[in-house]
Amino acid sequence: MNGPNQNHNTSGVGLVVRGLRKSFDGQEVLRDINFEVRPGEIFVIMGPSGSGKSVLLKHLIGLEEADAGEILINGDPITTPEIAAKYRMALVFQSGALLSSLTVGENVGLYMTEHRLRSPEEIERIVTEKLADVGLTDIVHKMPSELSGGMKKRAAIARALVIEPQLILYDEPTSELDPVSAVVIGDEILELKRRIGVTSLVVSHDRDLAFGVADRIAVMGEGRILTIGTPDEVKNFKDPQVQNFLNADFKREK
Ligand SMILES: Nc1ncnc2c1ncn2[C@@H]1O[C@H](COP(=O)(O)OP(=O)(O)OP(=O)(O)O)[C@@H](O)[C@H]1O
Ligand SMILES: [Mg+2]
């Protein structure tokens, strides 16, 4: 059984995206997206607002259906929900997406409660453990509205950890956070790679985060991937669109 908390040595899965295309009302949002994420890798997709990053993530977790192309996990084409269910994938939403009417603990434990996977005592123990994993203690009984933005993001990561994921997808994990809290989240992503070997796909326009945590970076623009490489390779990639995005700065006189 792939229940939560079966083991702590989750090994990350490999992900391949090939020829992915998607249009909404005749507008092409994803135009032939190709990339590969290696098992245990932290792969960051950067790109300006509206370039298609969130839509891409939605395809990976089955919230959107592609017009063309394929997604493979460990070489398995993900064509049906049954095949997708063989693998444990978690998405940490752009907004954190905690349910405001439930306590933090109930939010983190929701998957286990809904699927009746554990007794209430065990769920409480696992929830406390996952919250502690992301540095949160004594907040199980608080409401999401009582948490800071950074705490909400960490609680959302704790909720993702409950399924012992083999692939974690993060959508803008540091948006709305101050620089110190953003570093805490970045360190958390690095720590999860080290501790459980999970594969991480991070979508973000936070340049500090991307260059701080990524093994490799892809830069997207207008529904296409413009380049993929190590942080150094991407930094030195001589393409005006990529350089404009990476070096965007104010026109203040120095
Ligand atoms: N369900 C939908 N129906 C129609 N258009 C959509 C839908 N979802 C997304 N889009 C459009 O697709 C484009 C890409 O959106 P997406 O949310 O992927 O951008 P993003 O790169 O995540 O931007 P941000 O950095 O602001 O989060 C946008 O033009 C958006 O309006
Ligand atoms: Mg987005």
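First things first, this report covers the structure right here in the doc. Owing to the predicted nature of the structure, the values given are computational and were not obtained by experimental measurement.

Focus: the packing of helix α3 (residues 104-114) against helix α4 (residues 120-133)
- Between α3 and α4, whose axes approach to 9 Å, the crossing angle comes to 120 degrees. Classified by the angle between their axes, α3 and α4 sit oblique to one another. Crossing angle aside, the handedness with which α3 passes α4 is right-handed. Contacts between α3 and α4 pair V104, G105, V108, G109, M112 and T113 from the former with I123, I126, V127 and L131 from the latter.
- Looking at side-chain class alone, the contact of α3 with α4 contains 7 nonpolar, 3 polar and no charged residues.

Concerning the site of ligand 1
- Of all residues adjacent to ligand 1, which total 14 residues, the nearest are S49, G50, K53, S54 and V55.
- Protein chains shield 65% of the accessible area of ligand 1, which is 640 Å² for the free molecule.
- A class-by-class count of the residues in the shell around ligand 1 yields 4 nonpolar, 8 polar and 2 charged.

Here's the deal with the pattern of salt bridges
- According to the stated counting rule, one finds 14 salt bridges in the structure shown.
- Taking the shortest distance from any N to any O, the salt bridge between R118 and E122 comes out at 3.8 Å.
- According to the relative accessible area criterion, R118 is buried, its value standing at 19%.
- Residues K130 and E129 are paired through a salt bridge, measuring 3.5 Å at the closest nitrogen-oxygen approach.
- Salt bridges sharing partners connect three or more residues here, namely R125, E129, K130 and E164.

About the cut-offs
Residues numbered from 1 in each chain as written. Chains lettered and ligands numbered in written order. Predicted model: local features only at pLDDT ≥ 70, side-chain atom pairs only at ≥ 80, totals over all residues. Heavy atoms only, no water. Axes fitted to C-alpha atoms, helices over the stretch in contact; angles between N-to-C directions. Helix = DSSP H or I, 4+ residues; strand = E, 2+ residues; numbered from the N terminus. Parallel < 35°, antiparallel > 145°, perpendicular 65-115°, else oblique. Left-handed = near helix turned anticlockwise from the far one by under 90°. Contact = heavy atoms within 4.5 Å. Nonpolar A, V, L, I, M, F, W, Y, C, P; charged D, E, K, R; others polar. Near = heavy atom within 4 Å. Areas by Shrake-Rupley, 256 points an atom, 1.4 Å probe, with all protein chains shown as cover. Salt bridge = Lys/Arg side-chain N within 4 Å of Asp/Glu carboxyl O. Buried < 20%, exposed > 50% of the residue type's maximum accessible area, 1.4 Å probe, protein only.

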